[in-house]
Structure formats: C-alpha cells, structure tokens
Number of protein chains: 2
Amino acid sequence: MAQGPTITTIAERAGVSIASVSRVLNGLPTRQETVRKVMAAAEELGYVRNAVARSLKSRRTHQVAFAMADVGNPAYLAMLREIQPVLKAAGYRLVLHSTGAVVADEIDVLHSLGERYVDGMIMVPLRVTEAHLQMLGAARAPVVVIGSVPEGTPVDNVRADSRTGVRLAVDHLHALGRRRIALVNGPTDTVPGAARGAAYREALAELGLPYDEELVEIGDFYRAEGGRAVAALLNRVSDVDALMCANDLIALGALDVLRAAGKRVPEDVAVVGMDDTDLAAASWPSLTSVSLGSAERGRVAAELLLDRLQDGEHEPRVVTVPPRLVVRASTTPEPPATRGRSRDGRSTEGGGTS
Amino acid sequence: MAQGPTITTIAERAGVSIASVSRVLNGLPTRQETVRKVMAAAEELGYVRNAVARSLKSRRTHQVAFAMADVGNPAYLAMLREIQPVLKAAGYRLVLHSTGAVVADEIDVLHSLGERYVDGMIMVPLRVTEAHLQMLGAARAPVVVIGSVPEGTPVDNVRADSRTGVRLAVDHLHALGRRRIALVNGPTDTVPGAARGAAYREALAELGLPYDEELVEIGDFYRAEGGRAVAALLNRVSDVDALMCANDLIALGALDVLRAAGKRVPEDVAVVGMDDTDLAAASWPSLTSVSLGSAERGRVAAELLLDRLQDGEHEPRVVTVPPRLVVRASTTPEPPATRGRSRDGRSTEGGGTS
DNA sequence: CGAAACACCGTAAACGTTTACAGATCCTTG
DNA sequence: CAAGGATCTGTAAACGTTTACGGTGTTTCG
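Residues numbered from 1 in each chain as written. Chains lettered and ligands numbered in written order. Predicted model: local features only at pLDDT ≥ 70, side-chain atom pairs only at ≥ 80, totals over all residues. Heavy atoms only, no water.

### Thoughts on the overall build of chain A
Counting its secondary structure elements, chain A contains 13 helices and twelve strands. Over its C-alpha atoms, taken along the principal directions, chain A stretches across nearly 90 × 45 × 30 Å. Looking at the 354 residues of chain A, the share that counts as buried comes to 54%. A separation threshold of at least 6 residues defines the contact pool for chain A, and within that pool the share at least 24 residues apart is 67%. Of the roughly 14,700 Å² that chain A leaves accessible, carbon and sulfur atoms contribute 51%. (Helix = DSSP H or I, 4+ residues; strand = E, 2+ residues; numbered from the N terminus. Buried < 20%, exposed > 50% of the residue type's maximum accessible area, 1.4 Å probe, protein only. Contact = heavy atoms within 4.5 Å. Areas by Shrake-Rupley, 256 points an atom, 1.4 Å probe, with all protein chains shown as cover.)

Have a look at this one:
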C-alpha cells in the first residue's frame, strides 16, 4: 500500500519527460525507442493509471449511477441485472444508490450529480414530485428516468404500461370463464397502486362486467398484508372465482390464505400476480403473473443513457415497454409447456459461497 | 448542463480569494463577513463541490467497491443489502462489480484497484487461485474477502461455516427419525460443492450412520438440474426418506420431482435446502433451509473495511459467521410458529414500479 | 551547402480542489 | 501612540493527468 508510482516516477526511470510517458501510454505517435523505454519502466514499476487525475482533466469519470428505492425489491434487481452488463461493456462503472424509499434522499441523489462523480444516472423515482421535476430540469448530467415523467421534462424516459398489463390479466381470467374477479391492491396513494386500480376498473368495463366495490380490497404490497386483505375479502363475499393481485407478494399471501381456507387454486379461485418475479416460478402452484418488463426497461434505460453520453444533444426520448402475461399453474391446471418458463433455471446462479 | 460554477467563480463573485472560499466551505475559522459573502455567492450560483478534484487532492474517493460473480444470486444480493446501508451511513458510495463468474475478471478488478477510484473493496471470489493471492498481496487498497483465504494472506476475511451448516441439517433430519438421508450436491470442483460433500460425510460419521455412495447425487446448482438429479436418485434407491440439498434451487427442483412422483413432503421425504433465500419461504411447502448468514457476512465485511479505512495498520482479522437452521414445513408438518419466519414480509419491498 | 520540412520531444499550463506559508489587518496593551 | 500579538486572508504549490506550443535534431531538396 506504499505510494504508487506516477507518470513522473516513470519519466525519471525512463529518462524522458512526463509528456512522452503520457503519449506512450495513450498510444500517440512516438519513436520506437522511447516507447520501449517507457513501457519497460512502467512494467517494472507496476504502474497503473490514476483514474481520479485522469477524470479531472478529461471531465469524464466513466461512472454511471443507478438510483432506486431498495435493492431488495426484485423489480429493481431485475433492472440492475440488465443495466450492469450493458454499462460494463461500454466501459462504465456502476455506482449504486439505494434511497430506502425516502423521497428527500432521491432529491439528494439528484443534487449530488453536481459533484460530477458520475457521467450520468438512471433513476427509478418512487413518485415524481414537483421537487423532482425541478432537480431534473437543472441536473448537471444526463438522467434517464424509469417511470413516467410529464411531457416536456428534459430527460429520457422509459415507461411500463401497467394499464395494459392489468387488462391482459383480466382478459385472461375472463376467457377462462371467471366472472367474479376481485382486485387485491396496494395503497392507492402510490403511483402503481393508483394505476392498477384504475386499470382494473377499465378492463372490467371493456368486458362489460360490472364494477363491484365489494370486490376491491386494499392492503399493502407485502405477503402478510396481502394475505390479510384476501381473508377480509373472502369473509365479505363468498363467490369470488379469481384474484387479480397488484404484485407477486400479495399473490403469495393470497395462496397462503386460500390454502388455509380449503379453496383449490385454480379450480375454485384463480390467482394472478404482477411483476413476474422469481418468486412466481418458485411458488406452488406456480403463479401466473404479469411481467411489466423490468429487465427490459433496465436494458433500454442503459442504452438510452449511453446514447446520450455519446451524442448529448438530441431530443429527449420516451420508450414504453409492453407488458407480457406469463401463464402458470395458478390460473390453468395445465400451463402451456413452453411458455411461462421465463428464467427459472438461470435466475439464481451458483448459490454456493462457503 | 452548462459549465458549472467552480470555487474560482465564487471567489470572483464574492470578491475574495479561492483559499477563503475553500475555507468557508470547509468550515474553517473565517470572519463572519467573509462567510456571509461566500455563502451568498455559492447559493446564488448553485455551487456544488467537485468530487473528482477533491479526491485528487485528498487522496480519498469516498467510494468502496463490492465485487461478486452475479448480482442475481440471492446470496450475494443478501450481502449487498446489508453492505449498502453500512457504507452509506459512513459516507461512502458503492461501486458494483459483477464479474460474471469469469475468474480473469476478478483478477482484473483487483488490478483496477491501482486506479484508485475506490478507497477499498469487498470481494467474494468464486475460488481463490494463486493469482488471487498474489494480487491480494500487492493490492493498492484494503480488501476484505468474503470466503476463505489461507492463513497469512494480508487481508481481512469473513468466512461462512458450511461444515457446521450441513451438520445442523443432518442432525435435524436424524432427530426426526430419518435414516436414509441423501445428498444432492452441485459440482464438487467448486469450493462450496467440495465443502458440502465433505461435511455431509462427516456428519453421517458422527451420527454413526453409514456413508452410502448410492445416496449421493451430483447435479448443478440450478432448479432443473436439481430436479434431474433427484429423479435419477429416486430411480436408483427407493427408500430415501430425506434429501439434503446443496442449495435452495436444487431443493425446489427436488420438490417439483417429488410432487410429480406422488411422494408427500415431509411425510414421505423431508427436504432441506441451503442458503435460506427468499425462495425458501415462498415455496410450498415452505423450505427448511440452512442459512449461512450471507446478510451478516456482508454486514461484518463492511464493518471490517470501514475499520481498516480509518485505522489502517492493524493485523488482518478473520471472522467466522455461524450458520443457522431455519425450520419450515418441508421437514416438519407443523413448523414452530415463531421461528422460520426469517424475513418473509419485508424482504421484497414495494414491488410497484409502474 | 543552406533552407525548408518533418518527426520527436520537453516545458508549462490546465483540470478544481486543499493547504502551508507569509503578508495584511485588526486589536490589545504598556 | 508604538509595538506585539492575534486573527484573518491571499499567493502559490500540490495532487496526477493531458495537451498546446515551441524547440531541437534530422532529413530532404534546390
């Protein structure tokens, strides 16, 4: 951990100027003899370029930030998994910000862009407040937002389409002959909660099914709360034949409670989750789930950012990633053989770290 | 995205020297009048300190790297989730390196420490080769290794104890009256595979059970392979009454195959997984699993690194994190009510990203 | 043989900070 | 009021690079 060699050390050892050393290291035209001497000296000293000094001069850090609420959330994780290799391939390091669902922290992170320790950032805001928009407008480095941002906000934007997602699920249940389709939602003051609630209503309308308040239960986006909500629902109405759950965890809670109540899934009650996380494939019966394309949104966001870092001044772009219904056993006793496999095998690799 | 203000801009605006500006910004003793002027100017200009320049001078980047094979792996993810808040609280940013199971990439990452873009690093090597040891010896910044490293390697080291882990599981199965306990392992040329195989043998010996080669099946650490291995096993021996699986994915595969074969879990065959990932709680029946303390190992590693960054020159430390058996339904029909809950609820937060 | 063209190379400035040092200003005190 | 000290401030160097510019030595050509 002794003081590492610098360009100056090499220059002395090789008997040339630091400018020559730099030129050699950067592959600029130089006499063979000099190249040889510099290379030899660098080799002997075990020289490695100092990234910080380099960044100061070049105004490029080759780092990109990814900011979201919580790495533990599988949706964010799916994004991260796609973002990482794209950035790595382009020679960028990834700085991770987990804001822990504190809105003020998100603003802080945006503010910290001014410190210029990254060349750009991908952010998944929890909700988009006035403060967000203001910071995004004044951001000192390019930002790509995953989530919806108002027209005219000067950032690239990757959106999911949970409306269509819910529609896919409800249509699927309807096609299976289900008519008493309940919604088990999370809090409606969150962006996804509100969107899913509205989409559910719309989907029913398009199918000509009545909207029955009795069939809507609000809990939270966790397993235990989901279970509780479903229990309350079953207590109230007895003829439910399908559950549209606003996320996979809620759906798992639903499975717990249905099993305890002696209801068969999917024969008595069909269950659909949302986000298509790894848990959906692991549960039993395996869970039909609406994928909102987290992985793809991550990949697209990374690509948009790289584009922007290269070119810089084109118009902001908006990309919407289509949802996909992954059918598994919780809605059809015999799920189509090839579909629904998603990435059960590969998803969690190795597993051994002794 | 225009050229941001620097300390010089402020100095001009406030009519003082850059040294004064710097002093004010760092809270060094300064006349009130000057403080006021500088603060005002900084405010107006929306000044933010340039982290790169700062790092160059101070030789501190306030960044720490975390390097592992794959963010998708729940074990690494559990570490990450603990590491992140510890570092954040101490004012460090987290740089993520996912080496994708390529050993050469791990060496690269170690080498890149010389670029000094981070103050230190936490690494989970896939396997520890001669090259690793050499790089670790010559590392230009402190490294904490999660995994086992030979005595005398000059780095802090956090270890799991999969030997004891396997013992806990086998003892548990034995206590439940199981006598034909099979091992479904991953490749034995990996560190965890080898350790778990040896531990299984030892555990049997201590219980006075015979080691029966018939009962050992080697597959890979994935769900499908695990299932295949179990199918092969069942084909060969018919009286197996317990499966010790080398990781949770293998165990999930086992559940699939057992169900298909009409065997009841746990009545006919008890199943134990390893790593206690989120999947263990999600599956049905929920999976008894040996936790190797990934989360805690992450937390400890982060703390060791922070210690070292502050103090620097103490002796390398070795910490071993004890395993824990989390009992769920796949071994006992009625799992103890409070235990085995681990973190089913919180683990995967929010879930909504529309 | 002298001048022009060329290929290399070294000097020095710049990136945006922090900080040692010395100079300037103010206050205190005899 | 002068001197001494205390307090504050500005100049300049440093961190490790990259790069514009001009200088040196060699080659080429009239």
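### What to know about the pairing of strand β8 (residues 242–245) of chain A
All names here are of chain A. On β8, burial covers both faces: A242 and M244 on one face and L243 and C245 on the other are all buried. The pairing of strand β6 (residues 181–185) with β8 spans four bridges and is classified as parallel. From the neighbouring strand, A182 faces β8, where its bridge partner is L243. The sheet contact formed by β8 and strand β9 (residues 270–274) spans three bridges and is parallel. Opposite M244, over in β9, you have V272 as the bridge partner. Crossover β8 to β9 through helix α11 (residues 248–260) is right-handed. (Pairing = 2+ DSSP bridges. Right-handed = clockwise from strand over helix to strand, strands pointing away.)

### Section: the nonpolar core
Within the largest apolar cluster, 100 residues are counted, with the highest numbers of intra-cluster contacts made by L243, M244 and V271 of chain A together with L243, M244 and V271 of chain B. Apart from residues no more than four positions distant in its own chain, V271 of chain A is found in contact with L243, C245, A251, L255, L258, V265, L287, T288, S330 and T331 of chain A. Counting residues in each nonpolar core, the second largest holds 56 residues, with V300, L304 and L306 of chain A together with I122 of chain B among its members. (Core = buried A, V, L, I, M, F, W, Y, C linked by side-chain atoms within 4.5 Å.)

### As for the packing of aromatic side chains
Scanning the entire structure with this criterion turns up three aromatic pairs over all chains. Note on W284 of chain A and W284 of chain B: the rings are 5.6 Å apart at their centroids and 20 degrees apart in plane angle, and the pair reads as stacked. Here W284 of chain A, found in the loop between α12 (278–282) and β10 (288–291), pairs with W284 of chain B, found in the loop between α12 (278–282) and β10 (288–291), and the two come from separate chains. What makes W284 of chain A partly exposed here is its relative accessible area of 35%. In this structure, R93 of chain B is placed above the aromatic ring of Y117 of chain A, and the distance from its NZ or CZ to the ring centre is 3.7 Å. Geometry around Y211 of chain B places R201 of chain B over its ring, the cationic atom sitting 4.0 Å from the centre. (Phe/Tyr/Trp six-rings, centres within 6.5 Å; stacked < 30°, edge-to-face > 60°. Lys NZ or Arg CZ within 6 Å of the ring centre and 35° of its normal.)

### Some words on the protein's contact with DNA strand C
Near DNA strand C lie 23 residues; those nearest to it are S20 and T34 of chain A together with I7, S22 and Y47 of chain B. Near the protein, meaning within 4 Å, the atoms of DNA strand C are sugar or phosphate in a fraction of 60%, with bases accounting for the rest. The separation between a phosphate oxygen of DNA strand C and a polar side-chain atom of R54 of chain B is 3.2 Å. Those elements that place two or more of their residues in the surface near DNA strand C are α2 (18–25) and α4 (51–58) of chain A together with α2 (18–25) and α4 (51–58) of chain B. Class assignment for the residues of the surface near DNA strand C results in eight nonpolar, eight polar and seven charged. (Near = heavy atom within 4 Å. Polar contact = N/O pair within 3.5 Å; in protein donor to acceptor, adjacent residues only side chain to side chain. Nonpolar A, V, L, I, M, F, W, Y, C, P; charged D, E, K, R; others polar.)

### Considering the confidence of the model for chain A
Confidence in the prediction for chain A averages 92 pLDDT; 94% of positions are at 70 or higher. With pLDDT under 50 throughout, residues 335–351 of chain A is counted as low confidence; its partners more than four residues away or in other chains account for 40 contacts. (pLDDT = per-residue confidence, 0-100.)

### With respect to the relation of the copies chain A and chain B
Of the two same-sequence chains, chain A is brought onto chain B (RMSD 0.1 Å, axial shift 0.0 Å) by a rotation of 180 degrees. Such a combination of turn and shift is consistent with a two-fold rotation axis. Here 99% of the contact residues of chain A are again contact residues in chain B; the copies associate through an equivalent surface. (Least-squares fit on C-alpha atoms with pLDDT ≥ 70 in both.)

### A look at the environment of M68 of chain A
Residue and element names in this part refer to chain A. Take M68: it is sitting in strand β1 (residues 63–68). On the basis of relative accessible area, M68 is assigned to the buried category, the value being 1%. In this structure the C-alpha to C-alpha distance between M68 and L126, which are 58 residues apart in sequence, comes to 7.8 Å. When residues no more than four places from it in sequence are discounted, the contact partners of M68 are Y76, L96, H97, S98, T99, G100 and V124.

### Quick look at the pattern of salt bridges
What the rule picks out here adds up to 34 salt bridges over all chains. Across the pair R259 of chain A and D256 of chain A runs a salt bridge whose closest N-O atoms are separated by 4.0 Å. Of this pair, R259 of chain A and D256 of chain A both sit in helix α11, three residues apart, roughly one helical turn. Under the relative-accessibility criterion, R259 of chain A is labelled partly exposed at 27%. Between D156 of chain B and R308 of chain B there is a salt bridge, and its shortest N-O distance comes to 2.9 Å. Of this pair, D156 of chain B sits in strand β5 (residues 156–159) while R308 of chain B sits in helix α13 (residues 294–310), and the two are 152 residues apart along the sequence. The pair formed by D156 of chain B and R308 of chain B is uniform in burial state, with each residue classed as buried. Here the salt bridges do not stand alone but share partners, grouping R167, D171 and E206 of chain A into one network. (Salt bridge = Lys/Arg side-chain N within 4 Å of Asp/Glu carboxyl O.)

### Points about the protein's contact with DNA strand D
Lining the immediate surroundings of DNA strand D are 23 residues, of which I7, S22 and Y47 of chain A together with T30 and T34 of chain B lie closest. When the atoms of DNA strand D within 4 Å of the protein are sorted by group, sugar and phosphate make up 62%. Note that a phosphate oxygen of DNA strand D is positioned 2.8 Å from one of the side-chain N or O atoms of S20 of chain B.

### What to know about empty space enclosed by the protein
Under the defined criterion, the tally for this structure stands at eight cavities of 30 Å³ or more. Of the voids in this model, the largest cavity is the one considered here, and its volume is about 130 Å³. What lines the largest cavity is a set of 14 residues, among which V52 and Q63 of chain A together with V52, Q63 and Y117 of chain B lie closest to the centre. Those elements that provide at least two residues to the lining of the largest cavity are α4 of chain A together with α4 of chain B. When its residues are assigned to classes, the lining of the largest cavity shows six nonpolar, six polar and two charged. (1 Å grid on protein atoms, 1.4 Å probe; cavity = no way out; pocket = protein on both sides within 12 Å on 5 of 7 lines; lining within 4 Å. Points joined across faces, edges and corners; volume = space filled by probe spheres on them.)

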